[in-house]
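Here are the chains, one letter per residue:
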Amino acid sequence: MYRNHSESVSPPDLEYIIMAVKLLCVGDIHLGRVLPSPMVDKLGSAVLSPATAWERAVEFAIDNEVDAVLLAGDVVDDIRDRFEALPKLRDGAERLSAAEIKLVAVAGNHDVEALPRLLTLLPGKITLLGENGTWSDVVVQGKSGERVRIVGWSFPHSKDGHYSGNPLDGFTLPDDAVPMVGLLHADLNASGGFYAPVPRSEINATRLSACFLGHIHRPDDLSAMSRPLGYLGSLCGLDATETGPRGPWLAEIHSGGKVSMTHIPLSPMRWEVLEIDAGDISADSAEDAADALISNISEAMAAEFAEMKPELGDTIRAVSWDIALTGRSKAHHPIVEALENDGPGIMESCGGNFDDVDFGVRKIKDRSTPALSVADIAKGVDAAAILARKILALENRDPGMKAILETAGKNIPALAYAGVRRDVDAEIKDDETLRAHLIAAAYDVLERLVAENASEAPK
Ligand SMILES: [Mn+2]
């Protein structure tokens, strides 16, 4: 095996393992947040909640004899959630303290008020670092005597919950040989903004062996970094955008300051997005389409689930799916009708249970288009042909696209009001979203025009 210079002078792996300080690093928990999924309606928030994920993290820390648990802020979702969060936090803190595991936290923008209040109600159980935009540190001692210094910065108090300063302004590190790990709630590499923008290059220039951040909920791939610096991610996905495995990170800080990271995906629920090709659905009526949707979606979920099961481990209880219908479909009109008439019933019928894991559909988004030959239709002289030419201009980004977007942009409040597209649920915030909505809406109308032309054609 090839070994580079630094590896060749390192002690053998076994010694590494024994000499490591073990930290369980927990990103944004947001205690008090209700997960907006039908799976929660089904199983209850005692089973699927940030609090469940927190309990599991505490269990993991105790079972794996870590030396400290670090919380990177946004432990509590909101000041009003602190009463609900208190017993959960107290229970975890007491169990960790009984196991002689230190609990260290910094405050985030969500709990800048709530966390310090909670800590005064839990005296001696949690060490809060860097209160109100300062830096402070605490030394964690490993089982065999080696030490790591945790250096932390909490989001500062302010009237509007904003802070535009750089957390590293005024940052100094104690001058000793103890390896150091940073912990803060900030906006990594943001060019500005209200959530403590901090340049990665400035963190890199410090002597920190690793630096863990809260704020952005998507976890960075910390295990791939030789010097881990980045977001821990939310402890459990908090909404449908927070897909993929979620959980805390086990950080092992070796005596020379080398850090190895392992993601522990212990969140009780996982959010996923699944694309279904509407081209595979054939239907003559809305009822046919509903049945076909139920069977195609259920089959696809089961297949996808079987594939992801090995990596889910035994802590997962539910998967919440968002379904996106894609492709070109000859049954587009029946599908649209089925979703309009029976959307909730269709989604409910797609649920299931597989190996004690429940799964169900939160939303079906129709991004499919009718299987029409737009190019052929565009050759005509009627209204359908004019519309088809506009679709082609948008799809191919022809020079004509700009004028179409400009006209639509001026009229879009009126169009949205008229329900130009049934699933317009997102803000039309730029030309790209406008273009996508126009294409979808135009296909809807074109499909109807073509159907009308066909029924009016001389027999
Ligand atoms: Mn957060």
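Parameters and conventions
- Residues numbered from 1 in each chain as written.
- Predicted model: local features only at pLDDT ≥ 70, side-chain atom pairs only at ≥ 80, totals over all residues.
- Heavy atoms only, no water.
- Helix = DSSP H or I, 4+ residues; strand = E, 2+ residues; numbered from the N terminus.
- Buried < 20%, exposed > 50% of the residue type's maximum accessible area, 1.4 Å probe, protein only.
- Contact = heavy atoms within 4.5 Å.
- Lys, Arg positive; Asp, Glu negative; His and termini not counted.
- Charge placed at Lys NZ, Arg CZ, Asp CG, Glu CD.
- Pairing = 2+ DSSP bridges.
- Axes fitted to C-alpha atoms, helices over the stretch in contact; angles between N-to-C directions.
- Donors = N, O, S within 2.8 Å, 3.2 Å for Na, K, Ca; no water.
- Salt bridge = Lys/Arg side-chain N within 4 Å of Asp/Glu carboxyl O.
- Parallel < 35°, antiparallel > 145°, perpendicular 65-115°, else oblique.
- Left-handed = near helix turned anticlockwise from the far one by under 90°.
- Nonpolar A, V, L, I, M, F, W, Y, C, P; charged D, E, K, R; others polar.
- Patch = residues over 30% accessible without salt bridge, like charges linked within 9 Å, V, L, I, M, F, W, Y side chains within 5 Å.
- Areas by Shrake-Rupley, 256 points an atom, 1.4 Å probe, with all protein chains shown as cover.
- Phe/Tyr/Trp six-rings, centres within 6.5 Å; stacked < 30°, edge-to-face > 60°.
- Core = buried A, V, L, I, M, F, W, Y, C linked by side-chain atoms within 4.5 Å.
- Domains from an automatic or database assignment.

**Q** Which parts of the structure should I look at to understand the overall build of the protein?
**A** The helix and strand tally for the protein stands at 13 helices and 19 strands. A principal-axis box enclosing the C-alpha atoms of the protein has dimensions of 90 × 55 × 45 Å. When the 459 residues of the protein are sorted by exposure, 48% land in the buried category. Counting only contacts in the protein whose residues sit at least 6 apart along the sequence, the fraction spanning at least 24 positions is 71%. Between the averaged position of the 44 positive side-chain charges in the protein and that of its 71 negative side-chain charges there is a distance of 3 Å.

**Q** Looking at this structure, how should I read the sheet that holds strand E11 (residues 229–231)?
**A** In a beta sheet, neighbouring strands are held together by backbone hydrogen bonds and run either parallel or antiparallel to one another. The strand order E5-E6-E7-E10-E11 describes an open sheet built from five strands, whose pairing is mixed. Every other strand in the sheet has two partners, leaving strand E5 (135–141) and E11 as the edge strands with one partner each. Going from strand to strand, the sheet's axes swing by 20 degrees on average, the running direction of each strand aside. Of the strand pairs in this sheet, strand E6 (residues 147–153) and strand E7 (residues 180–185) are connected by five bridges, and their pairing is parallel. By the bridge assignment for E7, Gly152 is matched with Leu183.

**Q** Got a minute to help me understand the coordination of the manganese ion in this structure?
**A** Ideal donor angles around a metal are set by the shape: a four-donor tetrahedron calls for 109.5 degrees, a six-donor octahedron for 90 or 180 degrees. Distances from the manganese ion to its protein donors, namely Asp28 (OD), His30 (NE2), Asp74 (OD) and His217 (NE2), fall within the range 2.2 to 2.3 Å. All donor residues of the manganese ion come from one chain, and their arrangement in sequence is D-x1-H-x43-D-x142-H. Placement of the pair is Asp74 in the loop between strand E2 (68–71) and helix H5 (82–98) and His217 in the loop between strand E10 (210–214) and E11, with a sequence separation of 143 residues. The same class applies to Asp74 as to His217, namely buried.

**Q** Please explain the pattern of salt bridges as it appears in this structure.
**A** Oppositely charged side chains can form a pair if their charged atoms are brought close together. By the definition in use, this model includes 14 salt bridges. A salt bridge links Asp137 to Arg149; the nearest nitrogen and oxygen atoms lie 2.8 Å apart. Note that Asp137 is positioned in strand E5 and Arg149 in strand E6, a separation of 12 residues in sequence. Residue class for Arg149 comes out buried when judged on its relative accessible area of 11%. Within the structure, one salt-bridge network assembled from shared partners comprises Asp137, Arg149 and Asp176.

**Q** So what exactly am I meant to see when it comes to the sheet that holds strand E3 (residues 102–105) here?
**A** Across the sheet, six strands lie side by side as E4-E3-E2-E1-E12-E13; this open sheet has mixed pairing. Each edge of the open sheet carries a strand with a single partner, namely strand E4 (127–128) and strand E13 (259–263). Pairing analysis gives five bridges linking strand E12 (residues 249–253) to E13, with the strands arranged antiparallel. When the bridges of E13 are listed, Leu250 appears paired with Thr262.

**Q** What should I look at first to understand the packing of helix H11 (residues 383–395) against helix H13 (residues 431–456) in this one?
**A** Packed helices, taken two at a time, are described by the angle between their axes plus the distance between the axes. Closest axis-to-axis distance for the H11/H13 pair is 9 Å, and the angle between their directions is 155 degrees. Between H11 and H13, the angle falls in the class roughly antiparallel. In the packing of H11 onto H13, the handedness of the crossing is left-handed. Taken together, the residues of H13 that come into contact with H11 (itself represented by Ala383, Ala384, Leu387, Ala388, Ile391, Leu394 and Glu395) are Arg435, Leu438, Ile439, Ala442, Tyr443, Val445, Leu446, Leu449 and Asn453. Class assignment of the residues belonging to the contact of H11 with H13 gives a composition of 13 nonpolar, one polar and two charged.

**Q** Explanation requested: a negative patch on the surface in the structure shown.
**A** A surface patch of like charges, here negative, comprises Asp284, Glu287, Asp288, Asp291, Glu337 and Asp342. If you list the elements that add at least two residues to the negative patch, you get helix H8 (286–312) and helix H9 (332–349). By residue number, the principal contributor to the negative patch is H8, which donates three residues. Mapped onto the elements of the fold, Glu337 is located in helix H9.

**Q** I would appreciate a short explanation of the pairing of E7 in the present structure.
**A** Each regular strand shows side chains that alternate between the opposite faces of the sheet. With respect to burial, E7 is a largely interior element, six of its six residues being buried. Across the two faces of E7 the burial is the same, with Met180, Gly182 and Leu184 and Val181, Leu183 and His185 all buried.

**Q** Mind showing me how you'd approach the packing of aromatic side chains here?
**A** Each aromatic ring pair is characterised by the separation of its centres together with the angle its planes make. Going through the model one piece at a time under the given rule, you end up with seven aromatic pairs. Aromatic side chains Phe305 and Phe354 sit 5.1 Å apart centroid to centroid with 85 degrees between the ring planes, which places their arrangement in the edge-to-face category. Residue Phe305 is found in helix H8, and its partner Phe354 is found in strand E17 (residues 352–354); the two are separated by 49 residues along the sequence. Taking 5.4 Å as the distance between ring centres and 25 degrees as the angle between the ring planes, the aromatic pair formed by Phe305 and Phe359 counts as stacked. In this pair, Phe305 is assigned in helix H8 and Phe359 in strand E18 (residues 357–366), connecting sequence segments 54 residues apart. The pair formed by Phe305 and Phe359 is uniform in burial state, with each residue classed as buried. Counting every residue linked through ring pairs, the aromatic cluster contains Trp153, Phe155, Tyr163 and Tyr195.

**Q** I would appreciate a short explanation of the nonpolar core in the present structure.
**A** Generally speaking, a soluble globular protein has its nonpolar side chains buried in company with each other. Grouped together as the largest cluster of nonpolar side chains are 45 residues, with contacts concentrated most on Trp54, Val69, Leu71 and Leu89. Secondary structure elements with two or more residues in this core: strand E1 (21–26), helix H3 (38–43), helix H4 (50–63), E2, H5, E3, helix H6 (114–121) and strand E14 (269–277). At seven residues, H4 tops the list of elements feeding residues into this core. Of the domains in this structure, domain 1 (5–266) and domain 2 (268–371) are the two that each give at least three residues to this core. Setting aside chain neighbours within four positions, we find Leu89 in contact with Leu31, Trp54, Val75, Leu115, Leu118, Leu122 and Ile126.

**Q** Mind showing me how you'd approach the environment of Met301 here?
**A** Relative to the helices and strands, Met301 resides in helix H8. Put simply, Met301 and Asp314 are 13 residues apart on the chain and 19 Å apart in space, counted from C-alpha to C-alpha.

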